[in-house]
Amino acid sequence: MPVVIIIAIITLIIYLLLGFSIGKAIITFVTILVVACPCSLGLATPLAMVISEGLCASNGILVKKSEILENASKINTIVFDKTGTLTYGKLKISKIYNYSNLKDNDILQLAGSIETKSTHPIGKAFTDYMKENKIAKLQVNNFEDVSGFGIIGEIQKQKIILGNRKILTKYNIENKYEEDEKELAKQGNSIIYVIKDSKIMALIGVNDIIRENAKQVIEKINEKNIETIMLTGDNKDTAEKIGKELGITKVIANVLPKEKAEMIKNLKLQNKNVMMCGDGINDSPALANANIGVSVKSGTDIAMDSSDVILTKNDLESILKLINISEKTIKNIKQNLFWAFFYNSLMIPIAIGILNPIGITINPMWASLSMVCSSLTVILNALRLKKYKV
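Residues numbered from 1 in each chain as written. Predicted model: local features only at pLDDT ≥ 70, side-chain atom pairs only at ≥ 80, totals over all residues. Heavy atoms only, no water.

Colleague: Break down the pairing of strand 11 (residues 274-278) for me, with residues and values.
Modeller: For strand 11, a buried count of five out of five residues is recorded, marking the element as mostly surrounded by other parts of the structure. Going residue by residue along strand 11, you find Val274, Met276 and Gly278 tucked away on one face and Met275 and Cys277 tucked away on the opposite face as well. Summarising the sheet, strand 2 (residues 77-80) and strand 11 pair through four bridges and their orientation is parallel. What sits directly across from Phe80, in strand 11, is Cys277. In this sheet, strand 12 (residues 292-296) lies alongside strand 11 in parallel orientation, the contact comprising four bridges. Bridging from a neighbouring strand, Gly278 pairs with Ser295 of strand 12. Each parallel crossover has a hand, and the one from strand 11 via helix 13 (residues 284-289) to strand 12 is right-handed. (Buried < 20%, exposed > 50% of the residue type's maximum accessible area, 1.4 Å probe, protein only. Helix = DSSP H or I, 4+ residues; strand = E, 2+ residues; numbered from the N terminus. Pairing = 2+ DSSP bridges. Right-handed = clockwise from strand over helix to strand, strands pointing away.)

If you want it as structure tokens, here you go:
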């Protein structure tokens, strides 16, 4: 705009110095300003963004901020949580190693009663098991959620600890059953230790189902030369088994919620544009620290609040759709800017009067018509996004 105004003023002065009438000089001055009206430039980006946001919404992608549609095309690393994101989060108890004098159902009654107070998907596996087997829930006191490790509760004045392998280290508990743990992990189980009186009472394997199209989505993401990383608090063997099955580039297991956020920060320090996909409370810090945080609709409220994008269809393919829409949007914006500058580059010299010697002149009325054509070109080009099949 400053350049156009300066050109118009210089043209006005030159016309007066060359002896043209004040009327001719002012008409030329006004023609330059009108023909260079920045309407098309002003429409180029926001119009494409609005249409793309509508395209995302129709494909089950809720985008909270417009800049996400620009940043999504720059993503070169996607980090996935495992439970509830790459898997359905509908876990079932698959196997129990019982090292106590209690029956299996008694062990599961103790563990299940405490797990009913947990928000983790694993808790629902115990709740479902108790309902299916008509096991009564016991009274739990002094419940405590030890984030990233497990949970603790008191039943009949007995302290019961449930958690992953890290909880053994935290409470200095000897592990005599590593071979059983490895066996469960080879079968793709998440493993819960049941501890009472500083002794392991049982090992419980909980199995999850990988999302139906997760492998195909990961393959397509890898084809785009985007690095895929699984970041999970689950044990290494289980995580690596699922990661290998899905074709994920890198697997990082046994990670605490705080460490997830640190991992995201470290990736960004390596000049990587990071998208984090998660669903749980534990993923919230990582979602907030990523360049783009993506949550599935089935996730917790805090995860959805922390994210920039919500996949309302709970479908991982929506991640690919978001990236594709973003790439298409950026391309459309560049086309819009080209046409806007093309019209200005073409019409400003004509408005100055360069073609006057061969009888081609324009006045403010024709200049305004040219400006309208410029805006229409940008509008029609942006509207082509509506026809884009994701």
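Colleague: Please provide a residue-by-residue account of the sheet that holds strand 12, values included.
Modeller: Read from one edge to the other, the open sheet built from seven strands follows the order 1-13-12-11-2-9-10, with strand pairing classed as mixed. The open sheet terminates on both sides in strands that have one partner only, identified here as strand 1 (61-63) and strand 10 (250-252). When the angles between neighbouring strand axes are averaged without regard to direction, this sheet yields 20°. (Axes fitted to C-alpha atoms, helices over the stretch in contact; angles between N-to-C directions.)

Colleague: Pulling in residues and values, what's your account of the layout of surface pockets?
Modeller: The calculated volume of the largest pocket comes to roughly 1,000 Å³. If you go around the largest pocket, you meet 46 residues; those closest to its centre are Thr83, His120, Pro121, Ile122 and Asn282. Sorting the residues of the lining of the largest pocket by element identifies helix 5 (82-86), helix 7 (121-132), strand 4 (141-146), strand 5 (150-155), strand 6 (158-163), strand 7 (190-196) and helix 12 (257-269) as the ones contributing at least two each. For the lining of the largest pocket, the element with the most residues is helix 7, which contributes five residues. Looking at the lining of the largest pocket residue by residue, the classes come out as 15 nonpolar, 20 polar and eleven charged. (1 Å grid on protein atoms, 1.4 Å probe; cavity = no way out; pocket = protein on both sides within 12 Å on 5 of 7 lines; lining within 4 Å. Points joined across faces, edges and corners; volume = space filled by probe spheres on them. Nonpolar A, V, L, I, M, F, W, Y, C, P; charged D, E, K, R; others polar.)

Colleague: Describe empty space enclosed by the protein, with residues and values.
Modeller: For the structure on display, the rule yields one cavity of 30 Å³ or more. Taken as a whole, the largest cavity encloses approximately 50 Å³ of empty space. As for the largest cavity, its lining consists of Asn164, Arg165, Glu181, Ile191, Tyr193, Asp234, Asn235 and Asn254. For the lining of the largest cavity, the per-class residue count stands at two nonpolar, three polar and three charged.

Colleague: Quick one: what's the story with the nonpolar core, residue by residue and with numbers?
Modeller: Of all hydrophobic cores here, the largest spans 42 residues; its most connected members are Ile78, Phe80, Met275, Ile319 and Leu322. With six residues, the top contributor of residues to this core is helix 15 (residues 317-352). The residues contacting Leu322, other than those within four sequence positions of it, are Cys56, Ile61, Val63, Leu69, Ala72, Met275 and Val309. (Core = buried A, V, L, I, M, F, W, Y, C linked by side-chain atoms within 4.5 Å. Contact = heavy atoms within 4.5 Å.)

Colleague: Talk me through the packing of aromatic side chains; I want residue IDs and the actual numbers.
Modeller: Taken as a whole and judged by the stated rule, the model has six aromatic pairs. With 3.5 Å between their ring centres and 5° between their planes, Tyr99 and Tyr177 make a pair best called stacked. Pair noted here: Tyr99 is in the loop between strand 3 (92-98) and helix 6 (104-115) and Tyr177 is in the loop between helix 8 (166-170) and helix 9 (178-186), with a separation of 78 residues, a long-range link. Relative accessible area serves as the criterion here: at 25%, Tyr99 is assigned to the partly exposed category. An angle of 25° between the planes, with centres 5.9 Å apart, marks the rings of Phe338 and Phe342 as stacked. Note that Phe338 and Phe342 are positioned in helix 15 at a spacing of four residues, about one turn of the helix. Here Phe338 falls in the partly exposed class, since its relative accessible area comes to 46%. Given the relative accessible area of 37%, Phe342 is considered partly exposed. One aromatic cluster is present, built from ring pairs that chain together Phe338, Trp339, Phe342 and Tyr343. (Phe/Tyr/Trp six-rings, centres within 6.5 Å; stacked < 30°, edge-to-face > 60°.)

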